[in-house]
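One letter stands for each residue in the lines below.
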Amino acid sequence: MIALTPSDIGRTVAYRDRPGVVPERGIVTSFDRFFVYVRYGADLHSRATKASHLEWVR
């Protein structure tokens, strides 16, 4: 799980909801107390994602 601050908007994250699955990369566009909004791949809009399913990409 990641902890977010406003300076994290624009950072790259990897989404993984279970072990052994290839993670999907995306960019943090915003967040609130319930979800992190991430734009994945060529998507035009962000998707609400649980922070517990995200990892920072180095």
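Quick notes on the rules
Residues numbered from 1 in each chain as written. Predicted model: local features only at pLDDT ≥ 70, side-chain atom pairs only at ≥ 80, totals over all residues. Heavy atoms only, no water. Helix = DSSP H or I, 4+ residues; strand = E, 2+ residues; numbered from the N terminus. Rg over C-alpha atoms; globule rule 2.2 N^0.38 Å. Buried < 20%, exposed > 50% of the residue type's maximum accessible area, 1.4 Å probe, protein only. Contact = heavy atoms within 4.5 Å. Areas by Shrake-Rupley, 256 points an atom, 1.4 Å probe, with all protein chains shown as cover. Lys, Arg positive; Asp, Glu negative; His and termini not counted. Charge placed at Lys NZ, Arg CZ, Asp CG, Glu CD. Pairing = 2+ DSSP bridges.

On to the overall build of the protein chain, then. Scanning the protein chain from terminus to terminus reveals 0 helices and 5 strands. The N-to-C order of helical and strand elements in the protein chain reads β-β-β-β-β. Scaling as 2.2 N^0.38, a compact globule of 58 residues should have a C-alpha radius of gyration of about 10 Å, and the protein chain matches this with 10 Å. For the C-alpha atoms alone, the extent of the protein chain along its principal axes is close to 30 × 25 × 20 Å. Within the protein chain, the fraction of its 58 residues that count as buried is 22%. Residue pairs at least 24 apart in sequence account for 36% of intrachain contacts in the protein chain once pairs closer than 6 positions are excluded. Surface exposure of the protein chain reaches about 4200 Å², of which carbon and sulfur atoms provide 55%. Charged side chains of the protein chain number 9 positive and 6 negative; the gap between the two group centres comes to 3 Å.

As paired strands, strand S1 (residues 12–15) and strand S2 (residues 24–31) are joined by 4 bridges and run antiparallel to one another. Residue pairing in the sheet places valine 13 in a bridge with glycine 26 of S2. Across 5 bridges, the pairing between S2 and strand S3 (residues 36–40) is antiparallel. Residue pairing in the sheet places valine 28 in a bridge with valine 38 of S3. Once S2 ends, the chain turns through 4 residues before running back antiparallel as S3.

It is worth spelling out the pairing of S1 at this point. Across 3 bridges, S1 lies against strand S5 (residues 54–56) in antiparallel orientation. Across the sheet, valine 13 pairs through a bridge with tryptophan 56, a residue of S5.

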